[in-house]
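# Summary of structural features
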Amino acid sequence: MSVPFDGQGEVRVFAGYDRDFREEADVVVVGSGPCGSVAAYELARAGRRVVLVEEGPPVVPEDFVLDGSLSMTRLMREAGLRTTTGSVMPTMQAICLGGASVVNSAMCIRPPGFVFERWCREFELERTAPADLAPHFEAVAEFLGIAPTAREVLGPRNELFARGCDALGYSSEPSPRNVKGCVGSGECFTGCRARAKQSMDISYVPAAMRLGARVLTSLQVQSIRTQGRRATGVEGQVVEPFTGRRSHRFRIDARAVVLAAGCMATPLLLKRSGDLANESGQVGENLQFHPGVSVMGIFPDPTRPSFGATQGYQSLHFLEQGFKLEVLWAPPGVMAVRLPGQGLEYKRWLACMPHAAMFDAIVCCERSSGRVRPRRGGLDPSIQFHLDPVDVRTLQRATHEQVKIFLAAGAHTVLPGVSGLPDTMRSLEEAEILATAELRATQFSAASTHAFCTTRMHGDRGRGVVDETGRCYDHDGLYVVDTGIFPRSPSVNPMYTGMALAHRAAGAIAQEA
Amino acid sequence: MSAALWVALALLAIGLRRLGLGYRPTPFRMLFRHEAAFVEAASDSMFPPGGEIPESGVEAGIPAHVDRYLEAMPARQRLLIHALFLLMEQVTLLFPAPGWGGWRRFSSLTPVQRVAALEGWRSSRLFPRRLAFLALRSILTMGYFSCPSVLRAMELAPLDIRTPVVEADLLYPRAGRPKSEIAFGPKDVTDLLEHPLSPKAPLHPEYRG
């Protein structure tokens, strides 16, 4: 049972702002997603007076909408319609207390050692080896109760994935997740009605409040205040939930400003504040994604696809070849979009969905990169991204492997979802075209919510924005602790790595603030 | 009056007719007349009556759902959706549907022509065309799946879940509401659920027949 809140901290919501106001704190943390919430909690635990600022509102189960499209208009920035230019790809960022943790599938995957060894080697980092980060990963895991998905809530989708991997000799395992009491509703992406997902709004944020942190929601930070080379606070405006209408102004003075607004918003905030922390020219650059490609399979027997952990099983078998395989489920309307046909034929495919499963691959596109810039006339980003042809080959390989797993698991029909190729594949021979065809990026329906590197850490201040503890090279009292500080892709789902790095950064910030 | 002027006036009349005339009034708040006509036509082309799932797109309430969707959307994104509908209603001028009169606006095509036009977008070699189709299909399909009877027919309707009260429920009101509306106190905090959902559990109340 949860411990009842004793009221030491404070949360303020939109309806509670009736005038311009000013606050003071030791540390102001901007953004309540996984990284910001961990930092806020750890700083409060270290005895600092913390203000955690979030642009979105808190959401409770009554706010969750099972309808996929309406849910996205409420919980995602730009109503879930944000896309990159260049290689066009949807990308989603959440806007609510708890950020992405409210609407992701709770996967907490620790990258294998080779990831951090490469980070250290290629970015001149001295304290980011696997052993350096281990205590931080462990602290987060203990707090959130991260554990492999329980067998009882796997459901047929996840079990079929395991069966296919086993048949092919690929390693696979239940996904480690930050859940307690998961019932397998498959509703992670629209908000967990069972309150099982330990999203930040029900885990780290209340814990930070118990330690005295003040949580101010519906506040849009528009600029960072500075005095000389020192950050002294932030300022902005109150925004109405869902409409974004702005009203009262606020200012928060603090000895330390910790940016955790996410890899899209943090570089924009730095740029809008007079191009802060950018003597290296790296703010907003080096953007990397994990483009995801999904494949659907139809089985002879019912799969009850809406039951089971959303992403309860995974395979790290191909991690060193650049991709990770997972099971996937989302609101049925989102899943169905990829089906072929029109009219009655489309409806026939829809009727197959109770026998369907969906897998996906997140691809570590290290050769591809992009940049984030302020969009004219608004506070949203313009996101450029270009998929390198070599990475497109990896997308192709990942798609092929998914088709093979489906066939090995007993699917009679597989829908690879690649434009220009057959809509369906029923045998390894038919799937062989995925190994031989010369495919272009535009033939894949890729999407990505994993984004990083736009304020990257680097041992050389001329080539990075922050050092290994998230401290900005160019300003005192200014830190970045979100996934923007990754120097390159973590190869796996980034939330856990981001939280571990934020945990480490909080220790350093507490000493200085 | 010169011949050129007559031609120009005729073209203007045809343009106005194509863009704005002949559309029925609609009960919607956000959808313009031409958009409502397009959404209805596209909905019933993508989801015609009959087949394994009985409801057609219009019967499933797609136009009303699209209207609600637009209303919930920020202005910039709403503009993009308006532009998408306008484009797809009118672009038969550039990409005519097969058969006689395939250049007419989408909502004036025959049902067979509409299906062929949509398939032309889906399987186009031009990436922007496929992208526009994907956007349209996403909007309409999510509208179709918002209909409880469609989800029931597909055995995908969400089940009823007893939502426990957790510590956070004592802290936050519903989005946009004042804290005075927080309905729970410390005594209401309950244990997390311990058992997985049973497929025999009752459906979510909003999805029952």
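Residues numbered from 1 in each chain as written. Chains lettered and ligands numbered in written order. Predicted model: local features only at pLDDT ≥ 70, side-chain atom pairs only at ≥ 80, totals over all residues. Heavy atoms only, no water.

### Things to note about the overall build of chain B
The test is simple: Note on conventions: DSSP H or I runs of at least 4 residues are helices, E runs of at least 2 residues are strands, and numbering of each starts at the N terminus. To get the radius of gyration, use the C-alpha atoms; to get the globule rule, take the number of residues to the power 0.38 and multiply by 2.2 Å. Throughout, a residue-residue contact means that at least one pair of heavy atoms, one from each residue, lies within 4.5 Å. For accessible areas, the Shrake-Rupley method is used with a probe of radius 1.4 Å. Any residue's cover is judged against the shown protein chains and nothing else.
A count of helices and strands for chain B gives seven helices and zero strands. Along its sequence from the N terminus, chain B presents helices and strands in the succession α-α-α-α-α-α-α. For a compact globule of 209 residues, the expected C-alpha radius of gyration is about 17 Å, and chain B comes in at 23 Å, more than 25% above that figure. With the principal axes as the frame, chain B shows a C-alpha extent of 85 × 40 × 35 Å. Put simply, of all contacts in chain B between residues at least 6 apart along the chain, 58% involve residues at least 24 apart. Accessible surface, chain B as shown: approximately 10,700 Å² in total, 64% of it carbon and sulfur.

### With respect to the environment of Tyr496(A)
Mapping Tyr496(A) onto the fold places it in helix H14 (residues 495-512). Ignoring any residue separated from it by four or fewer positions in sequence, one finds Tyr496(A) in contact with Cys108(A), Ile109(A), Arg110(A), Phe137(A), Glu138(A), Val140(A), Ala141(A) and Ile146(A).

### A closer look at the nonpolar core
Worth spelling out the cut-off: In plain words, nonpolar cores are sets of buried Ala, Val, Leu, Ile, Met, Phe, Trp, Tyr and Cys residues tied together by side-chain atoms within 4.5 Å. Only protein chains enter the accessibility calculation, which uses a 1.4 Å probe; a residue is then buried when its area is under 20% of its type maximum, exposed when over 50%, and partly exposed in between.
In terms of nonpolar packing, the biggest core is built from 95 residues, with Ile224(A) and Leu478(A) touching the most fellow members. If sequence neighbours within four positions are ignored, Leu478(A) has contacts with Ile224(A), Ala231(A), Val257(A), Leu259(A), Leu270(A), Leu276(A), Ala277(A), Gly470(A), Arg471(A) and Cys472(A).

### Comments concerning the packing of aromatic side chains
Each aromatic ring pair is characterised by the separation of its centres together with the angle its planes make. Residues and elements named next belong to chain A. The condition that has to hold: Centres within 6.5 Å make a pair out of two Phe, Tyr or Trp rings, where for Trp the six-membered ring is used; the pair is then stacked when the planes are under 30 degrees apart, edge-to-face when over 60, and tilted otherwise.
Counted under the stated rule, the structure contains 23 aromatic pairs over all chains. Centre to centre, the rings of Tyr17 and Phe21 are 5.4 Å apart; their planes meet at 5°, and the pair counts as stacked. Phe21 sits in the buried class, given a relative accessible area of 13%. Ring centres of Phe289 and Phe385 lie 4.9 Å apart, and the angle between their planes is 85°; on these two criteria the pair is classed as edge-to-face.

### Observations concerning unusual backbone geometry
Of note, Ala277(A) is a non-glycine position whose phi angle comes to about 60°, a positive value. The residue Ala277(A) is located in the loop between helix H8 (265-272) and strand E12 (288-289) in this model. A relative accessible area of 3% places Ala277(A) in the buried class. The backbone of Glu155(B) sits at a positive phi, close to 60°, despite the residue not being glycine. Residue position: Glu155(B) is located in the segment after helix H7 (148-153). The class for Glu155(B) is exposed, based on a relative accessible area of 61%.

### Regarding the sheet that holds strand E15 (residues 323-328) of chain A
Residues and elements named next belong to chain A. Which entries qualify depends on this criterion: Strands qualify as paired when DSSP identifies two bridges or more between them. The angle between two axes is taken between their N-to-C directions and runs from 0 to 180 degrees, where each axis is a line fitted to C-alpha atoms and a helix contributes only its stretch in contact.
Pairing within the open sheet is antiparallel, and its six strands lie in the order E6-E14-E15-E16-E13-E19. On the outer flanks of this sheet lie strand E6 (173-174) and strand E19 (413-415), each paired with one strand and no other. The pairing of E6 with strand E14 (residues 313-315) spans two bridges and is classified as antiparallel. Paired with Glu173 across the bridge in E14 is Gln314. Its contacts with the sheet put helix H11 (residues 389-409) on strand E13 (292-298), E15, strand E16 (356-363) and E19, and the angle it makes with E16 is roughly 150°.

### Topic: the packing of helix H3 (residues 62-71) of chain B against helix H4 (residues 75-90) of chain B
A pair of packed helices is characterised by two quantities: the angle between their axes and the separation of those axes. Residue and element names in this part refer to chain B. Using the following cut-off: Gly is put with the polar residues, along with every residue not named as nonpolar or charged; the nonpolar set is Ala, Val, Leu, Ile, Met, Phe, Trp, Tyr, Cys and Pro, and the charged set is Asp, Glu, Lys and Arg.
The geometry of H3 relative to H4 is characterised by a closest axis approach of 9 Å and an angle of 145° between their N-to-C directions. Note on element contacts: H4 touches H3 through Arg78, Ile81, His82 and Phe85, opposite Val66, Leu70 and Glu71. Considering only residue class, the contact of H3 with H4 consists of four nonpolar, one polar and two charged.

### Brief notes about the layout of surface pockets
To be explicit about the condition: Here a cavity denotes grid points, spaced 1 Å and computed from the protein atoms alone, that fit a 1.4 Å probe unable to get out, and a pocket denotes an open set having protein on both sides within 12 Å along at least 5 of 7 lines; residues with an atom within 4 Å of a point are the lining. Grid points are joined across faces, edges and corners, and a volume is the space filled by probe spheres set on the points.
Taken as a whole, the second largest pocket spans an internal volume of roughly 600 Å³. Taken together, 39 residues form the lining of the second largest pocket, with Ser306(A), Glu155(B), Leu156(B), Ala157(B) and Pro158(B) sitting closest to its centre. Looking at the lining of the second largest pocket, the elements with two or more residues in it are helix H9 (332-336) of chain A together with helix H6 (127-145) and H7 of chain B. Taken together, the residues of the lining of the second largest pocket break down into 24 nonpolar, nine polar and six charged.

### Section: the interface of chain A and chain B
The accessible area lost on association of the parts is a frequent measure of interface size. So the rule is basically this: Accessible-area loss on putting two parts together, using a 1.4 Å probe and summing over both, is the definition of buried area adopted here. Every case where a carboxyl oxygen of Asp or Glu lies within 4 Å of a side-chain nitrogen of Lys or Arg is listed as a salt bridge. Any pair of nitrogen or oxygen atoms within 3.5 Å is treated as a polar contact; in protein, a donor-acceptor pairing is required on top of that, and neighbouring residues in sequence qualify only through side-chain atoms on both sides.
The interface is formed by 77 residues belonging to chain A together with 71 residues belonging to chain B. Roughly 6,100 Å² of surface becomes buried between chain A and chain B when both sides are summed, with 65% attributable to carbon and sulfur atoms. Contact with chain B buries surface across chain A, with Arg193(A), Gln342(A) and Lys347(A) losing the most and accounting together for 13% of the total. The tally of links between chain A and chain B comes to five salt bridges. One salt bridge connects Arg76(B) with Glu78(A), and the closest N-O pair in it is separated by 3.9 Å. There are 27 residue pairs in polar contact (both at pLDDT 80 or more) connecting chain A and chain B. Among the secondary structure elements, those contributing two or more residues to the side of chain A that touches chain B are helix H2 (68-75), helix H7 (204-210), H9 and helix H10 (343-350) of chain A. Of the residues assigned to the side of chain A that touches chain B, the class counts are 43 nonpolar, 17 polar and 17 charged.

### Some points on empty space enclosed by the protein
Residue and element names in this part refer to chain A. Inspection of the entire model under this criterion finds two cavities of 30 Å³ or more. Approximately 100 Å³ is the volume found for the largest cavity. Residue composition of the lining of the largest cavity, grouped by class: seven nonpolar, five polar and three charged. By volume, the second largest cavity is sized at about 50 Å³. Surrounding the second largest cavity, Phe64, Val102, Cys192, Arg195, Lys197, Ser199, Asp201 and Ile202 form its lining. Looking at side-chain class alone, the lining of the second largest cavity contains four nonpolar, one polar and three charged residues.

### Notes on the pairing of strand E3 (residues 50-53) of chain A
All names here are of chain A. How we decide: Crossovers are described as right-handed under a simple rule: with the strands pointing away from the observer, the path leading from the first strand over the helix to the second runs clockwise.
The side-chain alternation of E3 yields two buried faces, one formed by Val50 and Leu52 and the other by Val51 and Val53. At this point the chain moves from strand E2 (residues 21-30), through helix H1 (residues 34-45), to the parallel E3, and the crossover so formed is right-handed. For E3 and strand E8 (residues 214-216), the ladder comprises three bridges, and the chain directions are parallel. Within the sheet, the bridge partner assigned to Val51 lies in E8 and is Arg214.

### Re the packing of helix H4 (residues 113-122) of chain A against helix H5 (residues 130-144) of chain A
Residue and element names in this part refer to chain A. How we decide: To sort the angles, those under 35 degrees are grouped as roughly parallel, those over 145 as roughly antiparallel, those from 65 to 115 as roughly perpendicular, and the leftovers as oblique.
At a minimum axis distance of 10 Å, the contact between H4 and H5 shows a crossing angle of 125°. Considered as vectors, H4 and H5 are oriented oblique to each other. Contact with H4, carried on its side by Gly113, Phe116 and Glu117, involves Pro130, Leu133 and Phe137 of H5 and no other residues of that element. Of the residues in the contact of H4 with H5, the class split is four nonpolar, one polar and one charged.

### Observations regarding the sheet that holds strand E18 (residues 381-386) of chain A
Residues and elements named next belong to chain A. Taking strand neighbours across the sheet as the criterion, the three strands line up as E4-E18-E17 in an open arrangement whose pairing is mixed. Both edges of this open sheet fall to strand E4 (85-86) and strand E17 (369-374), since each of them pairs with a single strand only. Bridging between E17 and E18 involves six bridges; their strand directions are antiparallel. Bridge pairing links Pro374 to Pro381 in E18. Across the sheet, H8 is in contact with E17 and E18; its angle to E17 comes to roughly 45°.

### Focus on H4(A)
When we look at burial in H4(A), the residues that qualify are Phe114(A), Val115(A), Phe116(A), Trp119(A) and Cys120(A). Looking at the packing, one finds that the buried side of H4(A) touches H5 and H14 of chain A.

### Things to note about the side chain of Ser491(A)
All names here are of chain A. Residue position: Ser491 is located in the loop between strand E21 (478-480) and H14. Residue class for Ser491 comes out buried when judged on its relative accessible area of 4%. Dropping the residues within four chain positions of it, Ser491 is found in contact with Phe114, Val115, His290, Leu319, Lys324 and Cys364.

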